[in-house]
Amino acid sequence: MWLFIAFLAVPLIEIGLFIQVGGLIGLWPTLLIVVLTAIAGTALVRGQGMQAIARLKRSINDFSDPSRPLADGAMILFAGALLLTPGFFTDACGFALLVPAVRSRVFRLLKDKVKVTQFQTGAPHRPDPTAPRDTVIDGDFHELDESRRPTHRSGWTRH
């Protein structure tokens, strides 16, 4: 139900804001603001996204909990989607998510609602090398006469 309300309310809020702002400053300045916020938001998201990836790599290399860098990266990605969506309300929400203090607060709110049951690092399970392996490969082949043999070497056949 919350998702339905969001999909209904956000476009209505955006339409209302477009009408209000467009009435105050005019059509072209309103459209220019929307385009400029998308460009500025893209630049900010790119920079903060690279920093978030670096923090994630560092936490993985240090074998520390990567939940915070992952959450930051997800919020920055969501902020980018909001900033690319035309509108003043979505731009305000997107710019807010680019503020580290806001992301920190959102992370604390979400952390209380999400429970991690298992976290594991290390190499994936590998089969036992001493176990017997079935090395029989079943296949069919056809002999080609000399005129139909390929002239190139593919690495998969012997010529």
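An account of the accompanying structure is given in this report. (Residues numbered from 1 in each chain as written. Predicted model: local features only at pLDDT ≥ 70, side-chain atom pairs only at ≥ 80, totals over all residues. Heavy atoms only, no water.)

The next subject is the overall build of the protein. The number of helices and strands found in the protein is five helices and zero strands. When its helices and strands are written in sequence order, the protein yields α-α-α-α-α. Expressed as a percentage of the 159 residues in the protein, the buried residues total 19%. Contacts in the protein between residues far apart in sequence, at least 24 positions, make up 57% of those at least 6 positions apart. Accessible area of the protein: about 13,200 Å², with a carbon and sulfur share of 67%. (Helix = DSSP H or I, 4+ residues; strand = E, 2+ residues; numbered from the N terminus. Buried < 20%, exposed > 50% of the residue type's maximum accessible area, 1.4 Å probe, protein only. Contact = heavy atoms within 4.5 Å. Areas by Shrake-Rupley, 256 points an atom, 1.4 Å probe, with all protein chains shown as cover.)

Most often, soluble globular proteins keep nonpolar side chains buried together rather than apart. Ranked by size, the top nonpolar core spans eleven residues in total: Val-45, Ala-52, Ala-71, Met-75, Ile-76, Ala-79, Leu-82, Leu-83, Leu-97, Leu-98 and Phe-107. When residues of this core are assigned to their parent elements, the largest contribution, six residues, is made by helix 3 (residues 67-84). Beyond its immediate stretch of four places on either side in the chain, Leu-97 contacts Met-75, Phe-78, Ala-79, Leu-82, Arg-103 and Val-106. (Core = buried A, V, L, I, M, F, W, Y, C linked by side-chain atoms within 4.5 Å.)

A few words on the environment of Gly-16. With respect to the helices and strands, the residue Gly-16 is situated in helix 1 (residues 2-25). Using a relative accessible area of 31% as the deciding quantity, one classes Gly-16 as partly exposed. Each C-alpha atom, one on Gly-16 and one on Phe-88, is 9.9 Å from the other, the two residues being 72 residues apart in sequence.

Okay, helix 4 (residues 88-97) next. Buried within helix 4 are the following residues: Phe-88, Thr-90, Asp-91, Gly-94 and Leu-97. Residues of helix 4 that are buried in the fold lie against helix 1, helix 2 (27-61), helix 3 and helix 5 (100-113).

A separate point is the packing of helix 3 against helix 5. Contact geometry of helix 3 with helix 5 gives a least axis separation of 10 Å together with a crossing angle of 115 degrees. Our pair here, helix 3 against helix 5, has a crossing hand that is right-handed. Of helix 5, the residues touching helix 3 (which contributes Ser-67, Arg-68, Ala-71, Asp-72, Met-75 and Ile-76) are Pro-100, Arg-103, Ser-104, Val-106 and Phe-107. Of the residues that constitute the contact of helix 3 with helix 5, the class distribution is six nonpolar, two polar and three charged. (Axes fitted to C-alpha atoms, helices over the stretch in contact; angles between N-to-C directions. Left-handed = near helix turned anticlockwise from the far one by under 90°. Nonpolar A, V, L, I, M, F, W, Y, C, P; charged D, E, K, R; others polar.)

Another aspect to go through is the pattern of salt bridges. Using the criterion set out here, one finds three salt bridges in the structure. For Arg-68, the salt bridge goes to Asp-72, with nearest N and O atoms at 3.5 Å. With a gap of four residues between them, Arg-68 and Asp-72 both fall in helix 3, about one helical turn apart. You can call Asp-72 buried: its relative accessible area is 6%. In this structure, Arg-103 engages Asp-72 in a salt bridge whose closest nitrogen and oxygen atoms are separated by 3.4 Å. Of the two residues, Arg-103 sits in helix 5 while Asp-72 sits in helix 3, which places them 31 residues apart along the sequence. Both residues of the pair, Arg-103 and Asp-72, belong to the buried class. (Salt bridge = Lys/Arg side-chain N within 4 Å of Asp/Glu carboxyl O.)

At a closest axis distance of 7 Å, the pairing of helix 1 and helix 2 adopts a crossing angle of 125 degrees. Relative to helix 2, the element helix 1 is oriented oblique. Helix 1 and helix 2 meet at a crossing whose hand is right-handed. The segment helix 1 lies against helix 2, with Phe-18, Val-21, Gly-22 and Ile-25 engaging Leu-27, Pro-29, Thr-30, Ile-33 and Val-34. Here the contact of helix 1 with helix 2 is composed, by residue class, of seven nonpolar, two polar and no charged. (Parallel < 35°, antiparallel > 145°, perpendicular 65-115°, else oblique.)

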